[in-house]
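Each chain, letter by letter, is given below.
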Amino acid sequence: MSDNEKAKGKTSRRSFFGQALTAASTAIVAPTLINQVSVANKKATPNSQGEMKVKLKVNGELQNLDIEPRVTLLDALRENLGLVGSKKGCDRGQCGACTVLIDGQRVYSCLALAVMQEGKEIVTIEGLATGDTLHPVQAAFIENDGFQCGYCTPGQICASVALLEEVKRGCASVVTADLTRPPQLAELSDREIKERLSGNLCRCSAYNGIVAAVQQAAGQTPPTAVADVIV
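If you check an unreviewed UniProt entry, the protein chain appears there as 2Fe-2S iron-sulfur cluster binding domain-containing protein from Calothrix parietina FACHB-288.

Dropping the structure here:
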């Protein structure tokens, strides 16, 4: 548009067609966007409280929950299902006390949203034992004094269970010397175990017992406990 046309309030042919196309696009796209937003809102907020209906499979049982989309898996387990074995330590994925198994993988439940776990197999410390029979890792922790206060123990045990499965699958770690030949359970070293459990902290420093417990669960003969030597 020329300066003269602007001054006279006139619209050039090019400007007219541009404005017409913009108006037509808006008329076509706007209803679609409004409909998409409406559908998304219906999925995210199915009731007036802003909660969603979620089905979680925890320790082999299907659980129906009404929770907000922002609720973490840890809070859903503890507050909604009463499964308080998973502990809230740092609540920011740094200590590992909240570790659970999701489809066999270890996960910090404080960093996982509950609504994203539908259709997955969730196993907590409460689901490892079979009736009155403890999981081999649980039994090994008891026999090797792999805990003191016990606060981090559920996460340590779940992480150890996942660790053993990872070794069986041939997963390497940062300290694995030969990536073409990952360690087997029978030869899993102290260094490998410590590295693979480095995401789980023990404030009581019961690390020697934890390593010994993993060695026993791996089929190795754990070193003799210090207390036994003293006695």
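Asker: Outline the sheet that holds strand E5 (residues 121-123), listing residues and values.
Answerer: An order of E2-E1-E5-E3-E4 is seen for the five strands of this open sheet, with the pairing classed as mixed. What marks the edges here is a single partner per strand, and that holds for strand E2 (61-67) and strand E4 (105-108). Each strand of the sheet is rotated relative to its neighbour by a mean of 40°, with strand direction disregarded. Here helix H5 (residues 153-168) sits on the sheet and contacts strand E3 (99-102) and E4; the angle it forms with E3, its principal contact strand, is near 40°.

Asker: Now, about the packing of helix H4 (residues 136-143) against helix H7 (residues 207-217): what can you tell me, with residues and values included?
Answerer: Packed helices, taken two at a time, are described by the angle between their axes plus the distance between the axes. The interhelical angle for the contact between H4 and H7, taken along N-to-C directions, is 135°, at an axis separation of 8 Å. One way to sum up the angle between H4 and H7 is to call them oblique. Pair H4 / H7 crosses with right-handed handedness. Here Val 137, Ala 140, Phe 141 and Glu 143 of H4 come into contact with H7, specifically with Ile 210, Ala 213, Gln 216 and Ala 217. Residues that form the contact of H4 with H7 fall into these classes: six nonpolar, one polar and one charged.

Asker: So what's going on with a nonpolar patch on the surface? Which residues, and what values?
Answerer: On the surface, Leu 134, Ile 142 and Phe 147 cluster together into a nonpolar patch covering about 260 Å² of accessible area. With respect to the helices and strands, the residue Leu 134 is situated in the loop between E5 and H4.

Asker: Describe unusual backbone geometry, with residues and values.
Answerer: The phi angle at Asn 59 is positive, at roughly 50°, despite the residue not being glycine. Assignment of secondary structure puts Asn 59 in the loop between strand E1 (52-58) and E2. Assessed through its relative accessible area of 25%, Asn 59 is described here as partly exposed. The backbone of Asp 103 shows a phi angle near 50°, a positive value even though the residue is not glycine. The residue Asp 103 is located in the loop between E3 and E4 in this model. Note on Asp 103: relative accessible area 46%, which makes it partly exposed.

Asker: Which residues make up the side chain of Thr 72, and what are the values?
Answerer: Checked against the element boundaries, Thr 72 lands in the loop between E2 and helix H3 (73-80). Residue Thr 72 is classed as buried on the basis of its relative accessible area, which comes to 15%. A polar contact of 3.2 Å, which involves the side chain of Thr 72, links it to the backbone nitrogen of Asp 75. Ignoring sequence-local partners within four residues, the contact set of Thr 72 consists of Ser 109, Cys 110, Ala 112, Leu 113 and Ala 114.

Asker: Lay out H4 in plain terms, naming residues and giving numbers.
Answerer: Looking only at H4, the buried set comprises Val 137, Gln 138, Ala 140 and Phe 141. Buried residues of H4, viewed axially, fall in a sector of 165°; they line one side. Exposed and facing more than 90 degrees away from the buried side of H4 are Pro 136 and Glu 143. Buried residues along H4 sit in contact with H5 and H7. Asp 145 sits one or two positions beyond H4 and adopts a positive phi of about 50°.

Conventions we followed
Residues numbered from 1 in each chain as written. Predicted model: local features only at pLDDT ≥ 70, side-chain atom pairs only at ≥ 80, totals over all residues. Heavy atoms only, no water. Pairing = 2+ DSSP bridges. Helix = DSSP H or I, 4+ residues; strand = E, 2+ residues; numbered from the N terminus. Axes fitted to C-alpha atoms, helices over the stretch in contact; angles between N-to-C directions. Contact = heavy atoms within 4.5 Å. Parallel < 35°, antiparallel > 145°, perpendicular 65-115°, else oblique. Left-handed = near helix turned anticlockwise from the far one by under 90°. Nonpolar A, V, L, I, M, F, W, Y, C, P; charged D, E, K, R; others polar. Patch = residues over 30% accessible without salt bridge, like charges linked within 9 Å, V, L, I, M, F, W, Y side chains within 5 Å. Areas by Shrake-Rupley, 256 points an atom, 1.4 Å probe, with all protein chains shown as cover. Salt bridge = Lys/Arg side-chain N within 4 Å of Asp/Glu carboxyl O. Buried < 20%, exposed > 50% of the residue type's maximum accessible area, 1.4 Å probe, protein only. Polar contact = N/O pair within 3.5 Å; in protein donor to acceptor, adjacent residues only side chain to side chain. Arc of directions from axis to C-beta.

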